[in-house]
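Here is what each chain is made of, one letter per residue.
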Amino acid sequence: MARVMVTGAQGMLGVALCLAAPPSVDVVPVDINDGDLSQPGVAAKLISEHSPDAVVHCAAWTDVDGCTRDPDRAMTNNAVATELLAQACMAIGNRLVYISTDYVFPGTLGRPYREHDRVGPLNPYGESKLRGERAVARLPDHCIVRTQWLYGPAGKNFVATILRAAQSRAELRVVADEYGSPTLTTDLASALWIVAASDVTGVLHLTGQGICSWFQLARLAVREAGLTTRVCPISSADWGSVTSRPRYAPLANDRWADLGQPSLRPWQEAAAWYVRSTIGDLVARA
Ligand SMILES: NC(=O)c1ccc[n+]([C@@H]2O[C@H](COP(=O)([O-])OP(=O)(O)OC[C@H]3O[C@@H](n4cnc5c(N)ncnc54)[C@H](OP(=O)(O)O)[C@@H]3O)[C@@H](O)[C@H]2O)c1
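Right, let's walk through the structure included here.

Rules behind the numbers
Residues numbered from 1 in each chain as written. Predicted model: local features only at pLDDT ≥ 70, side-chain atom pairs only at ≥ 80, totals over all residues. Heavy atoms only, no water. Pairing = 2+ DSSP bridges. Helix = DSSP H or I, 4+ residues; strand = E, 2+ residues; numbered from the N terminus. Right-handed = clockwise from strand over helix to strand, strands pointing away. Near = heavy atom within 4 Å. Polar contact = N/O pair within 3.5 Å; in protein donor to acceptor, adjacent residues only side chain to side chain. Areas by Shrake-Rupley, 256 points an atom, 1.4 Å probe, with all protein chains shown as cover. Nonpolar A, V, L, I, M, F, W, Y, C, P; charged D, E, K, R; others polar. Axes fitted to C-alpha atoms, helices over the stretch in contact; angles between N-to-C directions. Contact = heavy atoms within 4.5 Å. 1 Å grid on protein atoms, 1.4 Å probe; cavity = no way out; pocket = protein on both sides within 12 Å on 5 of 7 lines; lining within 4 Å. Points joined across faces, edges and corners; volume = space filled by probe spheres on them. Parallel < 35°, antiparallel > 145°, perpendicular 65-115°, else oblique. Left-handed = near helix turned anticlockwise from the far one by under 90°.

What to know about the pairing of strand β2 (residues 25-30)
In the sheet, strand β1 (residues 2-7) pairs with β2 via six bridges, with the strands oriented parallel. In the strand pairing of β2, V4 is matched with V27. Read as a crossover between parallel neighbours, the route from β1 over helix α1 (residues 12-19) to β2 is right-handed.

Describing the site of the ligand
Looking at the ligand, there are 25 residues lining it, with L13, D36, T62, Y125 and K129 nearest. In this structure, an oxygen atom belonging to the ligand sits 2.9 Å away from a side-chain N or O atom of D31. Interatomic distance of 2.7 Å between a side-chain N/O atom of Y125 and an oxygen atom of the ligand. When the free accessible area of the ligand is taken as 910 Å², the share hidden by the protein chains comes to 80%. When residues in the shell around the ligand are grouped by element, the largest group, three residues, is from strand β4 (residues 95-101). When its residues are assigned to classes, the shell around the ligand shows eleven nonpolar, eleven polar and three charged.

Points about the sheet that holds β4
Spatial strand order, β2-β1-β3-β4-β5-β10: six strands in an open sheet with parallel pairing. A strand with exactly one partner marks an edge of an open sheet, and here the two such strands are β2 and β10 (202-205). This sheet shows a mean twist of 20 degrees between the axes of neighbouring strands, independent of strand direction. As defined by bridge partners, β1 adjoins strand β3 (residues 54-57) across four bridges and the pair is classed as parallel. Bridge pairing in β3 links T7 to H57. Most of the contacts of helix α5 (residues 124-136) go to β4, to which it runs at about 160 degrees, and overall it touches β4 and β5 (142-147).

Description of the layout of surface pockets
Here the second largest pocket defines a volume of roughly 160 Å³. Lining the second largest pocket are E115, H116, D117, V119, L130, E133, R134, A137, H142, I144, R146 and V203. Counting only elements with at least two residues in the lining of the second largest pocket, the list comes to α5 and β5. Tallied by class, residues from the lining of the second largest pocket come to five nonpolar, two polar and five charged.

A few points about the packing of helix α4 (residues 71-92) against α5
With their axes 8 Å apart at the nearest point, α4 and α5 run at an angle of 15 degrees to one another. Judged by the inter-axis angle, α4 sits roughly parallel to α5. Read as a crossing pair, α4 and α5 show a hand that is right-handed. Contacts between α4 and α5 involve P71, A74, M75, N78, A79, V80, T82, E83 and A86 from the former and P124, Y125, E127, S128, K129, R131, G132, A135 and V136 from the latter. Within the contact of α4 with α5, the residues separate by chemical class into ten nonpolar, four polar and four charged.

As structure tokens, this is what we get:
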């Protein structure tokens, strides 16, 4: 039986991944309560204690605006932690699957990014994740899975935030000039188990199918929830975030298709499923 350690196991993706584990896999979930991976010795201790065949590294500081305000903390949590984990994996020779992001790209190419397109992060979160990628790439048995715009049943996410806000407001203003591919954690989780068990190395782009703006995603979510809130498009400049974000950074999933794997669901289908299956919970918690 393969033993697979999942870091960030209590996060949005980590929870989905642990729940989707095939019966043949012995999952070792770890999170910040088991040790801060950015501290020397923590990763090495976890790896030597559990001797995993593979690690899926989901742990990260994902508060993008927080990373902009505190770039040192972003580097510590996302880059240093990943470097220490990669060193620990190198020592025992296990496989390391690292979850990365479209934020390693500047979003200026005008077409979906392929795995070998030139990177160029616009913000400290993207820089810290890219430094993590470079550490992971030194391992002989690694896969860097870049994904995008995650949402799902466990954890804070854009779709849930929109639905909660839509219940108490007549109108919502949502950014309409940033484009990507929304990705449902539960769909991604199933694909990640295939990646973990495979010998695919290098970089792999994996997202939901299709491309939309935050505004289009919000409009679909509100409609599927049966709410009448008006969703109004605004520019990212009008929103006024502290963080520069890529304007157009969908990730082309061609390599995944070339490996003979089925695409993740189209974003509209997955988002509609998520809204219909969680709206009851979201209303109860609002
Ligand atoms: N969310 C997205 O839209 C998105 C898009 C593309 C890629 N990704 C990548 O996908 C992965 C999963 O994202 P997610 O949204 O599921 O993240 P998440 O919900 O924020 O979960 C991350 C988990 O990692 C833990 N963690 C943070 N720093 C740690 C450290 N130094 N040591 C040990 N544990 C630590 C967090 O604990 P605390 O909560 O206590 O800090 C949290 O439980 C991340 O690598 C992220 O960069 C996310």
